[in-house]
Structures are given as structure tokens and as C-alpha cells.
Amino acid sequence: MNSPILQLLVLAGIAIFLILRLRNVLGTREGYEKPPVALHDSKKRSRNDFEVIEGGPDLDITENVPAHSDSASALAAMKGIDPAFNVGDFLKGARGAYEMILMAFHRGDIAPVKDFVSPEVFDAFAGVIAQREAEGIKIEATFIGIGDLALKQAEFDRTTREAEVSVRFGGEFTEIIRDRAGTIIEGSDGAIKRQRDVWTFARTMGSTDPNWILVATSE
């Protein structure tokens, strides 16, 4: 074998060796690959965009308020501070709180729910109860259920981490109101009363206290 051919074979062997080494180090590209995401872009894709890491919408938010609304932004910010916060679980808790507080108010004994309402709401409830007692009015009520429940508005202060969520309730219950002599002055046995309320609950996100406090009521 002459010298030029031998040199070509040696060079070809070196080239094959280098190609194999590059494949091992760099890997291979097959088909379409997503472009790399810059660090600042990944930071932008936060919960404020209502998306989970995989890129899909946060259904826990968008199933309860319109996407890209102020309420959605507030809920996303709450989750950013407190990842354990879940809108669906919050609404379940709000449903239970509505029944518990409303029935305590009807019974005229709100002491058991004092830790779940703000001082202002407690004083307002206590004032109505005191007036009923002064007039000799008694209420007999039985909770039936909630025909309507929806998150109406959410607000979040990023500086203080104070969150407020307003919930619309459509309560159903029976109610009989008696005067001092025991005479029925309103309501009747078995008649279902329907009442609409908007209650606002507040909490400092990220705090060790998991309880939401009722801070305002309206119709």
C-alpha cells in the first residue's frame, strides 16, 4: 500500500473518532426541540399569569373567577405567598362558616363563633341580638342548605399580605319568629326562607393562623 492511501486512511479514522466523541458530548438533535427559556422569562411565568409550571391554566382559579381578572390576579398572588391555599377548599370552608355563624346569630348565641368573626362584626351581631332580647323576640330556625355559592371578588395587598375574599351565598332555612307571648309573628312551620348574603373573609397569607375571619356582611 503506497504512502498517500495510507495517509488518507489514517485521516479518515481520526475524523470518525472525532465525530463519535462529539456525539457523546453534545448529543443528537432529532425533530423539533423547544427553544431554551431565558431565566428572566421563567420568572415572568409566575402564578400572576394564572399558569402552573407546565404552562396550563390554574383551573382552581379560572373555574371560580374570570381568567386575567383582578380577582384572578389577587388569588394567584395569594398562592404565591401561601402555596397551600386552594380556592376550592376555601369555598368549602366558607360554606361551613356561613351555616355555623348564621345559625349562631339566629339562636342568639354568637359566643361560640367569636374567634371566626372580626370584633366589628361580632359587635354588630351582638347589638341585634340584644335588641331582639329587649323586645322579647325569639327566633326558631333550621338550616336547610345553600342553593347558590360563588366567589364574587378577591383582593390582595402584596405589602401587608392581607387577603380579602367576598363570597355570595344563597341560604335556605326555615324560620319562625315569636313575640314575648310566644305568638308567631312571622314565618310558618315548614316554610323555606331564601336569603342572599355577601360575606367577606380576611386572612394574612403565610401566617401560622389558618383561619379566615368574617369581616363584613352585606346583601
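Fair warning: this is a prediction, and the values are worked out from it, not measured in the lab. (Residues numbered from 1 in each chain as written. Predicted model: local features only at pLDDT ≥ 70, side-chain atom pairs only at ≥ 80, totals over all residues. Heavy atoms only, no water.)

1. Here's the deal with the overall build of the protein
Summing up its helical and strand segments, the protein has six helices and five strands in all. Tracing the protein from N to C terminus, the helices and strands come up as α-α-α-α-α-α-β-β-β-β-β. Among the 219 residues that make up the protein, the fraction classed as buried is 31%. Expressed as a percentage of contacts within the protein between residues at least 6 apart in sequence, the contacts between residues at least 24 apart total 56%. If you sum the accessible surface of the protein, you get close to 14,100 Å²; carbon and sulfur atoms cover 55% of it. (Helix = DSSP H or I, 4+ residues; strand = E, 2+ residues; numbered from the N terminus. Buried < 20%, exposed > 50% of the residue type's maximum accessible area, 1.4 Å probe, protein only. Contact = heavy atoms within 4.5 Å. Areas by Shrake-Rupley, 256 points an atom, 1.4 Å probe, with all protein chains shown as cover.)

2. Digging into the side chain of Asp 60
On the secondary structure map, Asp 60 appears in helix H3 (residues 59–62). The class for Asp 60 is buried, based on a relative accessible area of 16%. One polar contact links the side chain of Asp 60 to the main-chain amide nitrogen of Gly 88, over a distance of 3.1 Å. Not counting the four nearest positions on each side in its chain, Asp 60 is found in contact with Lys 79, Asn 86, Val 87 and Gly 88. (Polar contact = N/O pair within 3.5 Å; in protein donor to acceptor, adjacent residues only side chain to side chain.)

3. Topic: helix H5 (residues 87–107)
For H5, with 21 residues, the first-to-last C-alpha span of 30 Å sits near the 30 Å given by 1.5 Å per residue. Within the sequence span of H5, burial applies to Val 87, Phe 90, Leu 91, Ala 94, Ala 97, Tyr 98, Ile 101, Leu 102, Met 103, Ala 104, Phe 105 and His 106. If you check the start of H5, you find a side-chain oxygen 3.0 Å away from the backbone N of Gly 88, and it comes from Asn 86. (Expected span 1.5 Å × (residues − 1).)

4. Some remarks on the pattern of salt bridges
One pass over the structure, following the stated rule, counts eight salt bridges. In this structure, Arg 168 engages Asp 148 in a salt bridge whose closest nitrogen and oxygen atoms are separated by 2.9 Å. Residue Arg 168 is located in strand S2 (residues 162–178), and its partner Asp 148 is located in strand S1 (residues 138–157); the two are separated by 20 residues in the primary sequence. According to the relative accessible area criterion, Arg 168 is partly exposed, its value standing at 30%. Salt bridges sharing common partners tie together Asp 58, Asp 60 and Lys 79. (Salt bridge = Lys/Arg side-chain N within 4 Å of Asp/Glu carboxyl O.)

5. Thoughts on the environment of Ala 74
Position of Ala 74 relative to the elements: it lies in helix H4 (residues 70–81). The spatial distance from the C-alpha of Ala 74 to the C-alpha of Ala 154 is 6.0 Å, given a sequence separation of 80 residues.

6. Digging into the packing of aromatic side chains
In this description, an aromatic ring pair is defined by two values, namely the gap between the centres and the angle between the planes. Under the criterion given, the structure shown has ten aromatic pairs. Measuring from ring centre to ring centre gives 6.1 Å for Phe 90 and Phe 201, while their planes differ by 85 degrees; the resulting arrangement is edge-to-face. With Phe 90 in helix H5 and Phe 201 in strand S4 (residues 192–204), the pair connects residues that are 111 residues apart, well separated along the chain. Each member of the pair Phe 90 and Phe 201 is classed as buried. Ring-pair connections join several aromatic residues into one group, and the members of that group are Phe 85, Phe 90, Tyr 98, Phe 143, Phe 169, Trp 199, Phe 201 and Trp 212. (Phe/Tyr/Trp six-rings, centres within 6.5 Å; stacked < 30°, edge-to-face > 60°.)

7. A few points about unusual backbone geometry
Its identity is not glycine, yet His 68 carries a phi of approximately 70 degrees, on the positive side. When you line up the elements, His 68 lands in the loop between H3 and H4. Residue His 68 is classed as exposed on the basis of its relative accessible area, which comes to 62%. In this structure, Arg 161 is a non-glycine residue whose phi angle is positive, near 65 degrees. Following the sequence through the fold, Arg 161 ends up in the loop between S1 and S2. Owing to a relative accessible area of 35%, Arg 161 belongs among the partly exposed residues under this scheme.

8. Thoughts on a negative patch on the surface
Together, Asp 70, Glu 155, Asp 157, Glu 162 and Glu 164 make up a negatively charged patch on the protein surface. One can find Glu 155 in strand S1. (Patch = residues over 30% accessible without salt bridge, like charges linked within 9 Å, V, L, I, M, F, W, Y side chains within 5 Å. Lys, Arg positive; Asp, Glu negative; His and termini not counted. Charge placed at Lys NZ, Arg CZ, Asp CG, Glu CD.)

9. Focus on the nonpolar core
Residues Leu 75, Met 78, Phe 201 and Trp 212 are the most contacted members of the largest nonpolar core, which totals 42 residues. Sorting the residues of this core by element identifies H4, H5, helix H6 (119–135), S1, S2 and S4 as the ones contributing at least two each. In contact with Leu 75, other than residues within four places in its own chain, are Ile 61, Val 65, Phe 85, Val 87, Leu 151 and Ala 154. (Core = buried A, V, L, I, M, F, W, Y, C linked by side-chain atoms within 4.5 Å.)

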